Amino acid sequence: MPAGTRSGPRRRAWAALVISTLVAVSMLAPAITARAQSSARVFIFGQSGDATKLDPALIEDGLSSRVTEQIFETLVEFDGSSTRIRPALAENWDVSADGKTWNFYLRPGVRFHDGTPFDAQAVKANFDRWQFQTGDPFHKAAEFIYWNDVAGFNELIDRTEVIDPLTFRITLKDASGPFLPNLAQFTFAIVSPLALANNVEDLSSNPVGTGPFKFVEWVRGDHVTLAANPDYWGGRPQIDQAVIRVINDNAARFFELQAGNIDFMEFPNPDDVRFARNDPNLQVLLRPSLNIGYIDFNQFDPKFADARVRNALAMATNKQRIVDALYGGTGVNARQMLAPGMQGYNEAIPEIPYNPGAAKEMLSAAGYPNGFTTEFWYMPVDRPYFPNPQVIAQAVCADWAAVGVRCDLKTKDWAAYRVDARAQKYPVWMLGWTGDNGDPDNFLYFFFGTFSGRGQPNYNTWDNKQVRDLLLRAQRSVDYDERERLYRDVATVVRQEMPKIPFANTTPPLLARSYVQGYYPNPTSAELFKTVTVDR
Amino acid sequence: MLLFLLLALVAPFIAPYGADQQALADRLKAPSAAHWFGTDDLGRDVLSRVMIGSRISLRVGVLAVVLALLSGSLLGLVAGYLGGWTDSLFMRLMDVVLAFPPTLLAIGIVAMRGPSLDMALVAIGIVSIPVYARLARSQALSLKEREFVTAARCLGATAPRIVGAHVLPNALSPLIVQATLGIATAIIEAAALGFLGLGAQPPTPEWGLMLTNARAFIINAPWAMVFPGAAIMVTTLAFNLMGDGLRDALDPRARA
């Protein structure tokens, strides 16, 4: 084709392309608006990290339970923003006079998302899975950390029986004060026995419960999508879809919220909470305090086996100054290993004094006049009790350096971090706890109640039989006053021995777009999306 | 450039505050007479940290390049001079290293041994070896055909002596130019690894690490991020300009 005539059709082709693009865009525009309108019923939660698994029996972290709590339900659950117990899959219950026999009367007409009926057999299948860990076909080489270490159910529960299709009986070896609140924990959620039978190895890819939301997809490291369950016994949720998006960086998550790309977020930077308070499009919600951040010592390390060293480091830390500066006004200097206001919180125990001079003397007495160098492990992710662990670790280590203890700061991936903490691989590490049910047993029994010895996975390295006995007695009591007394005694011993440094209790801030309603911040962080509305 | 070297040398003496000196009451303060570059989230003086950080960047830059220069030149000269299968073996090895993006390879090396500034230094050194190896090899290839080398061989000089006494000195100037430019690259890579949490560990005042820590406050305290970033830029530019200058000065053709 001659060169001169080429430009004509070519120019026309360009024009056609431009016009067709414009047309396509103009056709897309209503589609985009329509999606924005339909997304009015999607609730997007910005989460600081990804879930590890979606099998409620195997998880132990809030990032995973945020997802499983929407899909699965427990026999009893927490009421709104409190730790009061209300009926869930069990409509009501009774207990024998000796406190050992519990009958649960199950809600009729409930079905799992796979269509199979929820009944006493289904509950029994789940309890058998937890209880007969090595003999049960549904159990495959997994550790039920909550069943064993947190609730102590392995020691407590004698047997379970199906009385009739809607009556389930649990017989305990002893009466137990925290038994019912323990059952409300996310981990004792009832999973469809059919799903267990089909693929117990990887329930994470097909979690099937009775809850208000059905599982749609999990794109690892990115998001989990859930859809409203139209047949939910408590009525269909107000929102059509819940998306839990992973945005690791606090500042990035806050930008997404400001931009309206997400509706809700956890763990804002303390300095961003101030901005949110002044933004008319945002609201700040505070979770009632039920947590503790602490610094833990590996007592299989000879340095930290000495209570003088642990006490010296506690006194060398200017916690008040750090909490004031780095918690954005949402934290208090912790005095003991419970949150203030809980049963057993011993008001007679004062703050740990900040006294570097006395700390130095105590270190000398323990044989370290010139201090020592230790690895100090800080968490790679922000948690409610440590809003910026790396910065807090640097502040603590600056205090320790003043008494001659030099830190080698270290961290690693969050999942690996916890595994290694439990495997006792660190000399000193930061960790914390958010209560699951408001009972002191849920804190103290987990911290100090079990001891497995060196090399056996257990977060606790403090071998103190006196405290273990006190904790077991308190767990086996249903007498409020007696339990109160026992937990106060535990607090006294713990203060003298300082197995961990209690660091801070917080009221964790949550940020939301102003149109989000019906979200109840719960002290246990068991927050259910079923009541949430998003009327933009 | 000279200013930077001088700064790195005397930083600990002239810095107004200690690099780790915290003042939680003065956190995230804007630049002022007391703190020219402001303070970071632990109330540390950003100016002092940037100044003291220059030593770290210089150390990583120089040591990583020295490591790469020594091992790379040796490999390249031997491969180029001997030729044959030695050449093929060494150069294919270098090709394998070159096949990976340098930062990715450095991340891999650091991941194997755990993050630390020294590992970052070694990793950056390793990934830059091929650059020097190839340069040295090409020099050796052309030099070994020159008359003075043939003369030395005729006089019975051994191969190590020829490479050491005759080839190396003549191959040196392009290697030095490359090394100067390499320092700039090494500083950037060290900062990148620090930014990713794979290089220096807190509380080290390494520039990349300072950037990543200040990122959370980019809106309310931009100075904590701007100054370390500017320091990286200025230093890298200085080394690059010096490299260009050296090349012009050392290149006989350019002079003519």
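Right above here is the structure, for reference.
Being a predicted model, the structure only gives us computed values, none of them experimental.

## As for the overall build of chain A
At step 1: Scanning chain A for helices and strands turns up 18 helices and 21 strands.
At step 2: Against the 2.2 N^0.38 benchmark of 24 Å for 536 residues, chain A shows a C-alpha radius of gyration of 26 Å, consistent with a compact globule.
At step 3: If you line up chain A on its principal axes, its C-alpha atoms span 100 × 65 × 45 Å.
At step 4: Burial analysis of chain A (536 residues in total) assigns 57% to the buried set.
At step 5: Taking as baseline every contact in chain A between residues at least 6 positions apart, the subset at least 24 positions apart corresponds to 70%.

## Things to note about the overall build of chain B
At step 1: Scanning chain B for helices and strands turns up 10 helices and 0 strands.
At step 2: Counting all 256 residues of chain B, 46% fall into the buried class.
At step 3: Contacts spanning at least 24 positions in sequence make up 69% of the contacts within chain B whose residues lie at least 6 apart.
At step 4: Of the roughly 12,100 Å² of accessible surface on chain B, 71% is carried by carbon and sulfur atoms.

## With respect to the packing of helix H3 (residues 84-99) of chain B against helix H5 (residues 117-143) of chain B
Residue and element names in this part refer to chain B.
At step 1: In contact at an axis separation of 9 Å, H3 and H5 are set at 140 degrees when each is read in the N-to-C sense. Between H3 and H5, the interaxial angle falls into the category oblique. Where H3 crosses over H5, the handedness of that crossing is left-handed. Where H3 abuts H5, its residues Asp87, Met91, Met94, Asp95, Val97 and Leu98 lie against Ile126, Val127, Ile129, Pro130, Ala133, Arg134 and Arg137.
At step 2: Of the residues contributing to the contact of H3 with H5, the split by class is 9 nonpolar, no polar and 4 charged.

## Considerations on the packing of aromatic side chains
Residue and element names in this part refer to chain A.
At step 1: Scanning all chains against the criterion turns up 43 aromatic pairs over all chains.
At step 2: Aromatic side chains tyrosine 385 and phenylalanine 386 sit 5.9 Å apart centroid to centroid with 80 degrees between the ring planes, which places their arrangement in the edge-to-face category.
At step 3: With relative accessibility at 5%, the residue tyrosine 385 sits in the buried group.
At step 4: A residue is classified by how much of its surface remains accessible, and phenylalanine 386, at 0% relative accessible area, is buried.
At step 5: In textbook terms, an aromatic cluster arises when at least three aromatic residues are bridged by ring pairs, as seen for Tyr146, Phe186, Tyr294, Trp433, Phe443, Phe446, Phe447, Phe448, Tyr459 and Trp462.
At step 6: If you follow arginine 107 out to its NZ or CZ, it ends over the ring of tryptophan 233, 3.8 Å from the centre.

## Some details on the pattern of salt bridges
Oppositely charged side chains may form a pair once their charged atoms are brought near each other.
Residues and elements named next belong to chain A.
At step 1: Using the criterion set out here, one finds 40 salt bridges over all chains in the structure.
At step 2: Two residues, aspartate 306 and arginine 308, come together in a salt bridge whose shortest N-O distance is 3.0 Å.
At step 3: In this structure, aspartate 420 engages lysine 425 in a salt bridge whose closest nitrogen and oxygen atoms are separated by 3.4 Å.
At step 4: Given a relative accessible area of 57%, lysine 425 falls into the exposed group.
At step 5: Via salt bridges that share partners, Glu77, Asp79, Arg84, Arg86 and Lys530 belong to a single interconnected network.

## Some remarks on helix H9 (residues 223-250) of chain B
Since one α-helical turn is 3.6 residues long, residues separated by three or four positions face the same way.
At step 1: End to end, H9 of chain B covers 40 Å across 28 residues, agreeing with the expected 40 Å (1.5 Å per residue, within 8%).
At step 2: Among the structural elements, helix H1 (2-14), helix H2 (46-82), helix H7 (159-195) and helix H8 (207-214) of chain B are those in contact with the buried residues of H9 of chain B.

## A look at the environment of threonine 531 of chain A
All names here are of chain A.
At step 1: Secondary-structure assignment places threonine 531 in the loop between strand E20 (516-517) and strand E21 (533-534).
At step 2: Look at threonine 531 and you get partly exposed, because its relative accessible area is 34%.
At step 3: With 76 residues separating them along the chain, threonine 531 and glycine 455 place their C-alpha atoms 45 Å apart.
At step 4: Beyond its immediate chain neighbours, meaning those up to four positions away, threonine 531 contacts Gln517, Gly518 and Tyr520.
At step 5: In terms of polar contacts, threonine 531 uses its side chain to reach the backbone carbonyl oxygen of glycine 518, at 2.7 Å.

## Some points on the interface of chain B and chain A
At step 1: Of the residues lining the interface, 17 residues belong to chain B; the matching set on chain A comes to 20 residues.
At step 2: Summing both partners gives a buried area of about 1,600 Å² for chain B against chain A, and 53% of it is carried by carbon and sulfur.
At step 3: Applying the counting rule to chain B against chain A returns 2 salt bridges.
At step 4: With a shortest N-O distance of 3.3 Å, aspartate 249 of chain A and arginine 215 of chain B are connected by a salt bridge.
At step 5: Its residues assigned to classes, the side of chain B that touches chain A shows 9 nonpolar, 4 polar and 4 charged.

## Details of the side chain of glutamine 343 of chain A
At step 1: Here glutamine 343 of chain A shows up in the loop between strand E14 (331-333) and helix H13 (356-365).
At step 2: Once you skip the residues sitting within four places of it in the chain, glutamine 343 of chain A turns out to touch Leu338, Pro440, Tyr480, Arg483 and Glu484 of chain A.

## Details of the sheet that holds strand E11 (residues 264-266) of chain A
All names here are of chain A.
At step 1: On the basis of which strands lie adjacent, the open sheet formed by 7 strands has the order E8-E9-E10-E1-E11-E19-E12 and mixed pairing. Lying at the two open borders of the sheet, with one neighbouring strand each, are strand E8 (213-219) and strand E12 (282-286). Taken over all neighbouring pairs, the strand axes of this sheet differ in orientation by 20 degrees on average, direction set aside.
At step 2: In this sheet, strand E19 (residues 509-513) lies alongside E11 in antiparallel orientation, the contact comprising 3 bridges. Across the sheet, the residue bridging to glutamate 266 is leucine 510, located in E19.
At step 3: Against the sheet, helix H2 (residues 62-71) engages strand E1 (42-47), E8, strand E9 (223-228), strand E10 (241-246) and E11, with an angle of about 15 degrees to E9.
At step 4: Against the sheet, helix H9 (residues 270-277) engages E12 and E19, with an angle of about 125 degrees to E12.

## Observations regarding the layout of surface pockets
At step 1: Taken as a whole, the largest pocket encloses approximately 1,400 Å³ of empty space.
At step 2: Counting residues per element, the ones that place at least two in the lining of the largest pocket are helix H14 (389-401), strand E16 (405-410) and helix H15 (414-422) of chain A together with H5 and H8 of chain B.
At step 3: Here the lining of the largest pocket gets 4 residues from one element, more than from any other, and that element is E16 of chain A.
At step 4: Per-class residue counts for the lining of the largest pocket are 22 nonpolar, 15 polar and 12 charged.

## Some words on the sheet that holds strand E4 (residues 90-95) of chain A
Residue and element names in this part refer to chain A.
At step 1: An order of E4-E5-E7-E6 is seen for the 4 strands of this open sheet, with the pairing classed as antiparallel. For this open sheet the edge positions go to E4 and strand E6 (157-164), each flanked by a neighbour on one side alone. The sheet shows a mean angle of 20 degrees between the axes of neighbouring strands, taken without regard to direction.
At step 2: Pairing analysis gives 5 bridges linking E4 to strand E5 (residues 101-106), with the strands arranged antiparallel. For asparagine 92, the partnering residue across the bridge sits in E5 and is tyrosine 105.

## What to know about the state of the cysteines
Residues and elements named next belong to chain A.
At step 1: Considering all chains together, one arrives at 1 disulfide over all chains under this definition.
At step 2: For cysteine 397, the disulfide goes to cysteine 407, at an S-S distance of 2.2 Å. Residues cysteine 397 and cysteine 407 share a disulfide whose torsion about the S-S bond is about -90 degrees; that sign makes it left-handed. Taken together, the residues span a long stretch of sequence, with cysteine 397 in helix H14 and cysteine 407 in strand E16 at a distance of 10 residues.

## Observations concerning a nonpolar patch on the surface
At step 1: There is a patch of nonpolar side chains on the surface, built from Phe255 and Phe275 of chain A together with Ile218 and Ile219 of chain B and spanning about 340 Å² of accessible area.
At step 2: Mapped onto the secondary structure, phenylalanine 255 of chain A falls in helix H8 (residues 250-258).
At step 3: For phenylalanine 255 of chain A, a relative accessible area of 35% corresponds to the partly exposed category.

So, how was this worked out
Residues numbered from 1 in each chain as written. Chains lettered and ligands numbered in written order. Predicted model: local features only at pLDDT ≥ 70, side-chain atom pairs only at ≥ 80, totals over all residues. Heavy atoms only, no water. Helix = DSSP H or I, 4+ residues; strand = E, 2+ residues; numbered from the N terminus. Rg over C-alpha atoms; globule rule 2.2 N^0.38 Å. Buried < 20%, exposed > 50% of the residue type's maximum accessible area, 1.4 Å probe, protein only. Contact = heavy atoms within 4.5 Å. Areas by Shrake-Rupley, 256 points an atom, 1.4 Å probe, with all protein chains shown as cover. Axes fitted to C-alpha atoms, helices over the stretch in contact; angles between N-to-C directions. Parallel < 35°, antiparallel > 145°, perpendicular 65-115°, else oblique. Left-handed = near helix turned anticlockwise from the far one by under 90°. Nonpolar A, V, L, I, M, F, W, Y, C, P; charged D, E, K, R; others polar. Phe/Tyr/Trp six-rings, centres within 6.5 Å; stacked < 30°, edge-to-face > 60°. Lys NZ or Arg CZ within 6 Å of the ring centre and 35° of its normal. Salt bridge = Lys/Arg side-chain N within 4 Å of Asp/Glu carboxyl O. Expected span 1.5 Å × (residues − 1). Polar contact = N/O pair within 3.5 Å; in protein donor to acceptor, adjacent residues only side chain to side chain. Buried area = accessible area lost by both parts, 1.4 Å probe. Pairing = 2+ DSSP bridges. 1 Å grid on protein atoms, 1.4 Å probe; cavity = no way out; pocket = protein on both sides within 12 Å on 5 of 7 lines; lining within 4 Å. Points joined across faces, edges and corners; volume = space filled by probe spheres on them. Disulfide = S-S within 2.5 Å. Patch = residues over 30% accessible without salt bridge, like charges linked within 9 Å, V, L, I, M, F, W, Y side chains within 5 Å.

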